[in-house]
Amino acid sequence: MAYGAKYKWGEFNILGQLKTSGSAHNLLKSAGVTYTPSFAKFFELSGGYKETSAVDQVKSSVTLGLGLNLFDISVDYAYESSDNIEYNGKHYFSAGISY
């Protein structure tokens, strides 16, 4: 089961989530913040914290990212640093088109 919330505060979006996972029903927490400056609506900075369940352990990760949205074409990049060796030092890149 998962519960999430989002709150808009000026140029910031603050997000949070609580969920249970695994046979031990570990309580996993996630939080994130996005910032879109009013003088550059095409640009977004983001950061987050996430806990994941790995066997009987809870692992955490921190992410930082940025995004650009110009003329309905979006490009996003994120970096993840994690306690979980499988996800530590990962780079994520995505692109999209809106129509």
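(A) Region of interest: the side chain of S82. Mapping S82 onto the fold places it in strand β6 (residues 73-82). Note on S82: relative accessible area 13%, which makes it buried. A distance of 3.4 Å separates a polar atom in the side chain of S82 from the backbone oxygen of S60.

(B) Up close: the environment of H91. For H91, the location among the structural elements is in strand β7 (residues 90-97). As a C-alpha pair, H91 and L64 span 27 residues in sequence and 9.9 Å in three-dimensional space. Residues within four places of H91 in sequence aside, it is in contact with Y77, A78 and Y79. Within the local environment of H91, its side chain forms a polar contact with the side chain of Y77, the two groups lying 2.5 Å apart.

(C) Geometry of the pattern of salt bridges. The full count for this structure, using the stated rule, is one salt bridge. Across the salt bridge formed by E51 and K29, the nearest N and O atoms sit 3.2 Å from each other. Here E51 is found in strand β4 (residues 43-54), whereas its partner K29 is found in strand β3 (residues 26-35), with 22 residues between them in sequence. Residue E51 is classed as buried on the basis of its relative accessible area of 11%.

(D) Structural detail: the sheet that holds β7. In spatial order, the strands read β1-β2-β3-β4-β5-β6-β7; together these seven strands make up an open sheet with antiparallel pairing. Of all strands in the sheet, those with a lone pairing partner are β1 (2-9) and β7, marking the two edges. Within the sheet, the average angular offset between the axes of one strand and its neighbour, ignoring direction, is 15°. In this sheet, strand β5 (residues 57-70) lies alongside β4 in antiparallel orientation, the contact comprising 12 bridges. Among the inter-strand pairings, K50 is bridged to a residue of β5, identified as S61.

(E) The arrangement of the side chain of T34 in detail. You can see T34 is positioned in strand β3. Ignoring sequence-local partners within four residues, the contact set of T34 consists of E11, F12, N13, E44, L45 and S46.

(F) Examining unusual backbone geometry more closely. Within the chain, F71 stands out as a residue other than glycine whose phi angle is a positive 50°. Position of F71 relative to the elements: it lies in the loop between β5 and β6. Given the relative accessible area of 82%, F71 is considered exposed.

(G) Summary view of the packing of aromatic side chains. One pass over the full model with this rule turns up two aromatic pairs. By the ring-pair criterion, three or more aromatic residues cluster together here, those being W9, F12 and Y35.

What counts as what
Each chain carries its own residue numbering, running from 1 in the written order of its sequence. Where totals are concerned, whole chains, interfaces and linings use all residues; where local detail is concerned, this predicted model gives features only for residues with pLDDT of at least 70, and gives and counts side-chain atom pairs only at 80 or more. As a convention, hydrogens and water are excluded, and side-chain values are obtained from all of the structure's heavy atoms. For the purposes of this entry, the term helix denotes a DSSP run of H or I that reaches at least four residues, the term strand denotes a run of E that reaches at least two, and both are numbered from the N terminus. Partly exposed describes any residue whose relative accessible area lies between the buried limit of under 20% and the exposed limit of over 50%, with all areas from a 1.4 Å probe on protein chains only and scaled to the type maximum. Pairing of N or O atoms within 3.5 Å defines a polar contact, subject to two protein rules: one partner must be a possible hydrogen donor and the other a possible acceptor, and residues neighboring in sequence count only if both atoms are side-chain atoms. Any pair of residues with heavy atoms lying within 4.5 Å of one another is described as a contacting pair. Here, a salt bridge means any side-chain nitrogen of Lys or Arg that lies within 4 Å of a carboxyl oxygen of Asp or Glu. At least two bridges found by DSSP between two strands is the condition for calling them paired. All axes here are fitted lines through C-alpha atoms, helices being fitted over the stretch that makes contact, and every angle between N-to-C directions spans 0 to 180 degrees. Aromatic pairing here means that ring centres of Phe, Tyr or Trp (its six-membered ring) are within 6.5 Å. Orientation follows from the plane angle: under 30 degrees is stacked, over 60 is edge-to-face, and everything else is tilted.

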